[in-house]
Amino acid sequence: MDLIDKDELYRKLDDIGGCGADKGSWADGWDCAIAEAIRLLETAPAARDTENLKIVELHRFHEQIWMMLLVMCMLQIAAIVTLLMK
């Protein structure tokens, strides 16, 4: 089964939602069904997008590596400058 965006589904249900039907009419049943679908959607657990989470974690890891490299370069420059000033 394909995953769908919860916010997009909510917008679709809201678009076809209530028509302000008279209580007890067939159309009121439609309004109640759409309202119940929205309620169930709002309380449904969301699936985790593990692929995007992995990508985000990988980007964070790369940022940390680059930051460590930058700090090491700065420390080496500081050490060279200190030695040259003596």
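See above for the structure.
Model, not experiment: these values are computed from the prediction.

1. Quick look at the overall build of the protein
- On a plain count of helices and strands, the protein comes out with three helices and zero strands.
- For the protein, the N- to C-terminal ordering of α and β elements is α-α-α.
- Against the compact-globule benchmark of 12 Å for 86 residues, the protein has a radius of gyration of 28 Å, which places it well outside the compact range.
- Along the longest, intermediate and shortest principal axes, the C-alpha atoms of the protein span 95 × 25 × 15 Å.

2. Some thoughts on the layout of surface pockets
- In this model, the largest pocket occupies a volume close to 320 Å³.
- Ile4, Asp5, Lys6, Ala46 and Ala47 are the residues nearest the centre of the largest pocket, which is lined by 15 residues in total.
- Among the elements that make up the lining of the largest pocket, the one with the highest residue count is helix H1 (residues 6–15) (three residues).
- For the lining of the largest pocket, the class distribution of residues is nine nonpolar, no polar and six charged.

3. Examining the side chain of aspartate 28
- Position of aspartate 28 among the secondary structure elements: in helix H2 (residues 26–43).
- An unpaired buried charge is present at aspartate 28: no salt bridge exists, and lysine 23, the closest side chain of opposite charge, is 4.2 Å distant.
- Here the side chain of aspartate 28 touches glycine 24 through a polar contact of 3.2 Å, landing on its backbone nitrogen.
- Those residues within four positions of aspartate 28 in sequence are excluded, and the remaining contacts are Ala21, Asp22 and Lys23.

4. Some details on the pattern of salt bridges
- A full pass over the atoms with the stated rule returns three salt bridges.
- Across the pair lysine 12 and glutamate 8 runs a salt bridge, and its minimum N-O distance is 3.6 Å. Taken together, the residues lysine 12 and glutamate 8, both in helix H1 and four residues apart, mark about one turn of the helix.
- Of the residues examined, glutamate 8 reaches a relative accessible area of 32% and is grouped as partly exposed.

5. Quick word on the environment of cysteine 32
- As for its placement among the helices and strands, cysteine 32 is situated in helix H2.
- Relative accessible area serves as the criterion here: at 43%, cysteine 32 is assigned to the partly exposed category.
- Here the alpha-carbon distance between cysteine 32 and leucine 84, two residues 52 residues apart in the chain, equals 80 Å.

So, how was this worked out
- The numbers attached to residues start from 1 for each chain and follow its sequence in the written order.
- A pLDDT threshold of at least 70 governs which residues receive local features in this predicted model, and a stricter bar of 80 or more applies before side-chain atom pairs are shown or counted, although totals over entire chains, interfaces and linings include all residues.
- Side-chain calculation: all heavy atoms of the structure are included, whereas hydrogens and water are not.
- Helix and strand definitions follow DSSP, with helices as H or I runs of at least four residues and strands as E runs of at least two, each counted in order from the N terminus.
- What the globule rule says is 2.2 Å times the number of residues to the power 0.38, and the radius of gyration is computed from C-alpha atoms.
- Grid points spaced at 1 Å over the protein atoms alone were grouped into cavities, where a 1.4 Å probe fits but cannot get out, and pockets, open sets with protein on both sides within 12 Å along at least five of seven lines, with lining residues defined by an atom within 4 Å of a point.
- Grid points are joined across faces, edges and corners, and a volume is the space filled by probe spheres set on the points.
- Under the scheme applied here, ten amino acids are nonpolar (Ala, Val, Leu, Ile, Met, Phe, Trp, Tyr, Cys and Pro), four are charged (Asp, Glu, Lys and Arg), and all others, including Gly, are polar.
- Residue burial is assigned from relative accessible area. The probe radius is 1.4 Å, only protein chains are included, and a residue is buried under 20% of its type maximum, exposed over 50%, and partly exposed in between.
- Note on charges: Lys and Arg go in the positive column, Asp and Glu in the negative column, and His and the chain ends are not counted at all.
- A side-chain nitrogen of Lys or Arg and a carboxyl oxygen of Asp or Glu constitute a salt bridge if their distance falls within 4 Å.
- Two N or O atoms count as a polar contact when they lie within 3.5 Å, although within protein this holds only if one can serve as hydrogen donor and the other as acceptor, and sequence-adjacent residues are included solely when both atoms are side-chain atoms.
- Whether two residues are in contact is decided by their heavy atoms: any pair within 4.5 Å suffices.

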